Amino acid sequence: MRDEKITGGKPWNPRYTYWPARRVGNLLFISGTTGTDDEGNITAPGDIVEQTRQIFRKWGPLLAEAGCSYDDIVQTVDHYITTENYRGTAAVRREFFKQRLPTSTGVQVVGLLRPHALIEIHGIAVIPEGK
Amino acid sequence: MRDEKITGGKPWNPRYTYWPARRVGNLLFISGTTGTDDEGNITAPGDIVEQTRQIFRKWGPLLAEAGCSYDDIVQTVDHYITTENYRGTAAVRREFFKQRLPTSTGVQVVGLLRPHALIEIHGIAVIPEGK
Amino acid sequence: MRDEKITGGKPWNPRYTYWPARRVGNLLFISGTTGTDDEGNITAPGDIVEQTRQIFRKWGPLLAEAGCSYDDIVQTVDHYITTENYRGTAAVRREFFKQRLPTSTGVQVVGLLRPHALIEIHGIAVIPEGK
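In this report, the structure presented in the accompanying data block is examined. Just so it is clear, the model here is predicted, and its values are computed rather than measured. (Residues numbered from 1 in each chain as written. Chains lettered and ligands numbered in written order. Predicted model: local features only at pLDDT ≥ 70, side-chain atom pairs only at ≥ 80, totals over all residues. Heavy atoms only, no water.)

## Quick look at the pattern of salt bridges
Phase 1: Under the defined criterion, the tally for this structure stands at 24 salt bridges over all chains.
Phase 2: Put simply, Asp72(B) and Arg100(B) hold a salt bridge, and the shortest N to O gap is 3.2 Å. Within this pair, whereas Asp72(B) is found in the loop between helix H1 (48-66) and strand S4 (73-80), its partner Arg100(B) is found in the loop between helix H2 (89-96) and strand S5 (103-108), the two being separated by 28 residues in sequence.
Phase 3: A relative accessible area of 25% means that Arg100(B) is categorised as partly exposed.
Phase 4: Notably, a salt bridge pairs Asp3(C) with Arg22(C), separated by 2.9 Å at the nearest N-O pair. Taken as a pair, Asp3(C) in strand S1 (residues 3-6) and Arg22(C) in strand S2 (residues 21-24) lie far apart in primary sequence, 19 residues in all.
Phase 5: One connected set of salt bridges, linked through shared partners, spans Asp3(A), Arg22(A), Asp72(C) and Arg100(C). (Salt bridge = Lys/Arg side-chain N within 4 Å of Asp/Glu carboxyl O. Helix = DSSP H or I, 4+ residues; strand = E, 2+ residues; numbered from the N terminus. Buried < 20%, exposed > 50% of the residue type's maximum accessible area, 1.4 Å probe, protein only.)

## Here's the deal with the relation of the copies chain C and chain B
Phase 1: Placing chain C over chain B gives an RMSD of 0.0 Å and needs a rotation angle of 120°, together with 0.0 Å of translation along the axis. Such a turn and shift between the copies fits a three-fold axis. It is Val109(C) whose C-alpha, among those of chain C, lies nearest the rotation axis, at 3.1 Å.
Phase 2: Taken as a fraction of all interface residues of chain C, those also at the interface in chain B reach only 20%, which identifies the copy contact as different-surface. (Least-squares fit on C-alpha atoms with pLDDT ≥ 70 in both. Contact = heavy atoms within 4.5 Å.)

## What to know about the interface of chain C and chain B
When the parts come together, some accessible area is lost, and that loss is often what is quoted as the size of the interface.
Phase 1: Of the residues lining the interface, 25 residues belong to chain C; the matching set on chain B comes to 32 residues.
Phase 2: When chain C packs against chain B, the two sides together hide about 2,300 Å² of surface, and 60% of this comes from carbon and sulfur.
Phase 3: At the junction of chain C and chain B, the tally comes to one salt bridge.
Phase 4: Of the charged contacts, one joins Asp3(C) and Arg100(B) as a salt bridge, the two residues approaching to 2.5 Å between their closest N and O atoms.
Phase 5: Connecting chain C to chain B are 13 residue pairs in polar contact (both at pLDDT 80 or more).
Phase 6: Elements with a contribution of two residues or more to the side of chain C that touches chain B: S2, strand S3 (27-33), strand S6 (111-112) and strand S7 (119-126) of chain C.
Phase 7: Looking at the side of chain C that touches chain B, the element that brings in the most residues is S3(C), giving five residues.
Phase 8: Its residues placed into classes, the side of chain C that touches chain B shows 15 nonpolar, six polar and four charged.
Phase 9: In terms of strand pairing, S5(B) meets S6(C) through two bridges, oriented antiparallel. Each residue of the ladder has a partner; that of Val107(B), found in S6(C), is Leu112(C). (Buried area = accessible area lost by both parts, 1.4 Å probe. Polar contact = N/O pair within 3.5 Å; in protein donor to acceptor, adjacent residues only side chain to side chain. Nonpolar A, V, L, I, M, F, W, Y, C, P; charged D, E, K, R; others polar. Pairing = 2+ DSSP bridges.)

## Description of empty space enclosed by the protein
Phase 1: Applying the stated criterion to the full structure yields two cavities of 30 Å³ or more.
Phase 2: The space that makes up the largest cavity amounts to roughly 80 Å³.
Phase 3: Taken together, 15 residues make up the lining of the largest cavity; nearest its centre are Val77(A), His122(A), His122(B), Val77(C) and His122(C).
Phase 4: The set of elements that each furnish at least two residues to the lining of the largest cavity consists of strand S4 (73-80) and strand S7 (119-126) of chain A, S4 and strand S7 (119-126) of chain B together with strand S4 (73-80) and S7 of chain C.
Phase 5: Partitioning the lining of the largest cavity into residue classes produces six nonpolar, nine polar and no charged.
Phase 6: Empty space within the second largest cavity amounts to approximately 50 Å³.
Phase 7: Lining the second largest cavity, in full, are Leu27(A), Phe29(A), Ile124(A), Leu27(B), Phe29(B), Ile124(B), Leu27(C), Phe29(C) and Ile124(C).
Phase 8: Taken together, the elements giving at least two residues each to the lining of the second largest cavity come down to strand S3 (27-33) of chain A, strand S3 (27-33) of chain B together with S3 of chain C.
Phase 9: Looking at side-chain class alone, the lining of the second largest cavity contains nine nonpolar, no polar and no charged residues. (1 Å grid on protein atoms, 1.4 Å probe; cavity = no way out; pocket = protein on both sides within 12 Å on 5 of 7 lines; lining within 4 Å. Points joined across faces, edges and corners; volume = space filled by probe spheres on them.)

## Quick look at helix H1 (residues 48-66) of chain C
All names here are of chain C.
Phase 1: Counted at 1.5 Å a residue, the expected span for H1 with its 19 residues is 27 Å, and the 27 Å between its end C-alpha atoms agrees.
Phase 2: Each element contacted by the buried residues of H1 is listed here: S1, S2, S3, S4, helix H2 (89-96) and S7.
Phase 3: At the N-terminal end of H1, a side-chain oxygen is found 3.1 Å from the backbone nitrogen of Val-49, two or three residues along, and the residue is Asp-47.
Phase 4: Once H1 ends, the next one or two residues include Gly-67, with phi positive near 85°. (Expected span 1.5 Å × (residues − 1).)

## A word on the packing of aromatic side chains
Residues and elements named next belong to chain A.
Phase 1: Inspection of every chain in the model, using the stated rule, returns 27 aromatic pairs over all chains.
Phase 2: An angle of 45° between the planes, with centres 5.5 Å apart, marks the rings of Phe-56 and Phe-96 as tilted. Here Phe-56, found in helix H1 (residues 48-66), pairs with Phe-96, found in helix H2 (residues 89-96); they are 40 residues apart in sequence, far enough to count as distant. Neither residue differs from the other here; Phe-56 and Phe-96 are each classed as buried.
Phase 3: One aromatic cluster is present, built from ring pairs that chain together Phe-56, Trp-59, Tyr-70, Phe-96 and Phe-97. (Phe/Tyr/Trp six-rings, centres within 6.5 Å; stacked < 30°, edge-to-face > 60°.)

The following block contains the structure:
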């Protein structure tokens, strides 16, 4: 059974105590992700819609490395700290999820660790057979 | 590998950007569910116990469509916004989970999107072989 | 397909409406766990780092009974109620996760049910073939 660290082709700091994603067999687990750039800074402070777009953008290389695509994501869990414009993130989902849709949960939490993060999303994908 | 939208036999509005449940292989993922009726209104405002009952009731057709039952649910995650009477929801679980029990997590969050929702639960089931 | 209640070799009170862990096929689901002792009391009130250590300690017998180890945990979700010293829990992860790391999500919530619990973690492991 395959069991792989998935980083989307990027180096991963060994001081971190988690992996950005991990493929085991045909399952792909994706860590809670915020809308950061390569330096770890939130790309769009104050803009939950663009932060959500950035989160899903960051998932692209993870999915590709694992041999699957957005359509294979079966679960997303949104944690957001403001409801302002949260409903606008649905349109972002439409940009990424085309044929098949994940199940979804969204809850408002007290806080996220990443400064200026308004939303953090984690997910699970099921990789098609033969991939 | 099967990969199916699961709606419990109900029509599903194409403007939604998630599915109520999705079966992939022998796994069933269930979206965060609140205690709403077919019109999307909470059936029991102010009553977390009855809302929990309604959530699990709504899961019945999803599980049936996927070929499994309550006993096959292996994970539930409760997000609630009040602790008042939350412990009363355990008795509701006993009404639905008979032989085998899911793992469980329950945390109090700031808010849920659905007006008047006191609790939202998402879950995962593993479908028995041959189903 | 195996489908087993996993208690880590301990008796499990039948009044509970969930199992501490459940193995189905090669998947292990672990319930939200707090840093309690055998009597259900938090071992280290006020100390999120030690509570986290106790949580992972409690997972050891669950993993062993299911035929796997810490390296097989692929997802952890942390719910904490204070950010104070939360970053100190990363060092605890290093004590347990040696070769392969789980994906991770951590969010601050309003409250946890267990009195004096500062953090609750739930997880998923994938059991190696042949185990």
